[in-house]
Amino acid sequence: MEAAYLALGQKILEEGNVKSDRTGTGTKSVFGYQMRFDLTKGFPLLTTKRVPFGLIKSELLWFLKGDTNIRYLLEHNNHIWDEWAFKKYVESEDYTGVDMTDFGRRCLVDEAFNAQYQKELQLFCTRILEDEAFAAKFGDLGKVYGYQWRHWQTSRNETIDQIKDVIDMIKTTPDSRRLIVSAWNPEDIPTMALPPCHTMFQFYVHENKLSCQLYQRSGDVFLGIPFNIASYALLTHLIARETGLEVGEFIHTIGDAHLYSNHLEQMQMQLSREIKAFPKLSINEEVSSIFDLDVQDITVEGYDPHPAIKAPIAV
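### Remarks on the packing of aromatic side chains
The way to describe two aromatic rings as a pair is by their centre distance and the angle between their planes.
Here comes step 1: With the rule as written, the count across this model stands at 22 aromatic pairs.
Here comes step 2: Their ring planes at 50° and their centres at 5.4 Å tell us that Phe86 and Phe124 sit as a pair that is tilted. With Phe86 in helix 4 (residues 82-90) and Phe124 in helix 6 (residues 111-130), this residue pair connects regions lying 38 residues apart in the sequence.
Here comes step 3: Since its relative accessible area comes to 0%, Phe86 is described here as buried.
Here comes step 4: Phe124 sits in the buried class, given a relative accessible area of 3%.
Here comes step 5: Between Tyr89 and Tyr95, the ring centres sit 5.3 Å apart and the planes meet at 80°, which makes this aromatic pair edge-to-face.
Here comes step 6: A relative accessible area of 12% means that Tyr95 is categorised as buried.

Following this line, the structure appears as structure tokens:
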């Protein structure tokens, strides 16, 4: 199954269109790509490089809690959303530190500036953890995934809990073609630190198995997509468990699938490595509800990947 991901990386390297992008980094991309993962054959945590499962499960639980503040993530040593919250802070009138104008690109080309940026970012994260008022003001990312999944606001000032609703629908009307959760709310896009990349997902029940298809409008193939594969595979396992079903397939459909120009060598290195067996997912059987799970309740067994491959994130 990992071969499906590697085939995408190879395709972009060989056939990708060179395009500009929001971050100014530049990409090679293809449009419209689909991968399929049979979840009965193992948990799709990539093995050709180490993918940090701890970050994946804490982020997903953060979404499922309906939380949008990075404080929860920082409490679990998860820093994958730091840069977007920090960007909001440095662009505010409250920020009095070193000039961070155009910091995304400057970090890539100026080592001294990058070192200063990392220092300021660390101070920011520490303050988020220690100062509740500061965290409330600058740790919140706006109406991102967790808000839309659990607290979608309607024009009638009502709230829709999409996750609870889809669980109920799977239990009562499993053949429905409306088992859908959407994170893409056009009205709320301007308030989000980052508009949703994984925009909607749909469930499908057949022969007592639950499958999930994700539509992702934009996918950072080297850094982001491995997280997304594992995250939605985990979500499928959790929803299946909640509804008394077995797992089926995870189908990953991507709109703009791209490699950043400073990730090409890293992708080539990953392609040179041998695929290993996927690990097994383990969920604490003593915790009955998806909404009561904590990070320590979810583990993987038998994960023996190749070493991690570092690459810069584009903000």
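From this point on, the discussion continues.
### Focus on the pattern of salt bridges
Here comes step 1: Taken as a whole and judged by the stated rule, the model has nine salt bridges.
Here comes step 2: Taking the shortest distance from any N to any O, the salt bridge between Lys11 and Glu15 comes out at 2.9 Å. Here Lys11 and its partner Glu15 are both found in helix 1 (residues 2-15), four residues apart, which amounts to about one turn of the helix.
Here comes step 3: Between Lys143 and Asp188 there is a salt bridge; the shortest N-O distance is 3.9 Å. Placement of Lys143 in the loop between helix 7 (132-138) and helix 8 (145-151) and of Asp188 in the loop between strand 5 (180-182) and strand 6 (198-206) is noted, with a sequence separation of 45 residues between them.
Here comes step 4: Accessibility expressed as a relative area gives 28% for Lys143, which makes it partly exposed.

### With respect to the pairing of strand 2 (residues 27-38)
Here comes step 1: In the sheet, strand 1 (residues 17-19) pairs with strand 2 via three bridges, with the strands oriented antiparallel. The residue of strand 2 that forms the bridge with Val18 is Lys28.
Here comes step 2: Summarising the sheet, strand 2 and strand 8 (residues 246-260) pair through 11 bridges and their orientation is antiparallel. Paired with Ser29 across the bridge in strand 8 is His258.

### Describing the sheet that holds strand 7 (residues 209-220)
Here comes step 1: The sheet built from six strands is open, its strands ordered 1-2-8-7-6-5 with mixed pairing. At either margin of the open sheet sits one strand with a lone partner, and together these are strand 1 and strand 5. Pairs of neighbouring strands in the sheet enclose a mean axial angle of 20°, with direction left out of account.
Here comes step 2: Relative to the sheet, helix 9 (residues 162-172) contacts strand 5, strand 6 and strand 7, its axis offset from that of strand 5 by approximately 170°.
Here comes step 3: Against the sheet, helix 10 (residues 224-243) touches strand 2, strand 6, strand 7 and strand 8, its axis set at about 160° to strand 8.

### A short note on the environment of Gln162
Here comes step 1: Looking at where Gln162 falls in the secondary structure, it is placed in helix 9.
Here comes step 2: The exposure class of Gln162 is buried, given its relative accessible area of 11%.
Here comes step 3: The spatial distance from the C-alpha of Gln162 to the C-alpha of Leu223 is 28 Å, given a sequence separation of 61 residues.
Here comes step 4: Apart from the residues lying within four places of it in its own chain, the contact partners of Gln162 are Gln148, Trp149, Trp152, Ile180, Val181 and Ser182.
Here comes step 5: A polar contact is formed between the side chain of Gln162 and the backbone oxygen of Ser182, at a distance of 2.8 Å.

### Quick look at a nonpolar patch on the surface
Here comes step 1: Taken together, the side chains of Phe31, Ile180, Met200 and Tyr215 make up a nonpolar region of the molecular surface, amounting to roughly 390 Å² of accessible area.
Here comes step 2: As for its position among the elements, Tyr215 is in strand 7.

### Describing the packing of helix 4 against helix 6
If you want to describe how two helices pack, look at the angle between their axes and the distance between the axes.
Here comes step 1: Close contact between helix 4 and helix 6 brings their axes to 10 Å; oriented N to C, the two are set at 90°. For the element pair helix 4 / helix 6, the angle class is roughly perpendicular. Contacts between helix 4 and helix 6 pair Asp82, Glu83, Ala85, Phe86 and Tyr89 from the former with Tyr117, Glu120, Leu121, Phe124, Cys125 and Arg127 from the latter.
Here comes step 2: A breakdown of the residues in the contact of helix 4 with helix 6 according to their chemical character gives seven nonpolar, no polar and four charged.

Conventions and cut-offs
- Residues numbered from 1 in each chain as written.
- Predicted model: local features only at pLDDT ≥ 70, side-chain atom pairs only at ≥ 80, totals over all residues.
- Heavy atoms only, no water.
- Phe/Tyr/Trp six-rings, centres within 6.5 Å; stacked < 30°, edge-to-face > 60°.
- Helix = DSSP H or I, 4+ residues; strand = E, 2+ residues; numbered from the N terminus.
- Buried < 20%, exposed > 50% of the residue type's maximum accessible area, 1.4 Å probe, protein only.
- Salt bridge = Lys/Arg side-chain N within 4 Å of Asp/Glu carboxyl O.
- Pairing = 2+ DSSP bridges.
- Axes fitted to C-alpha atoms, helices over the stretch in contact; angles between N-to-C directions.
- Contact = heavy atoms within 4.5 Å.
- Polar contact = N/O pair within 3.5 Å; in protein donor to acceptor, adjacent residues only side chain to side chain.
- Patch = residues over 30% accessible without salt bridge, like charges linked within 9 Å, V, L, I, M, F, W, Y side chains within 5 Å.
- Areas by Shrake-Rupley, 256 points an atom, 1.4 Å probe, with all protein chains shown as cover.
- Parallel < 35°, antiparallel > 145°, perpendicular 65-115°, else oblique.
- Nonpolar A, V, L, I, M, F, W, Y, C, P; charged D, E, K, R; others polar.

Limitation: the analysis is restricted to geometry and does not speak to function.
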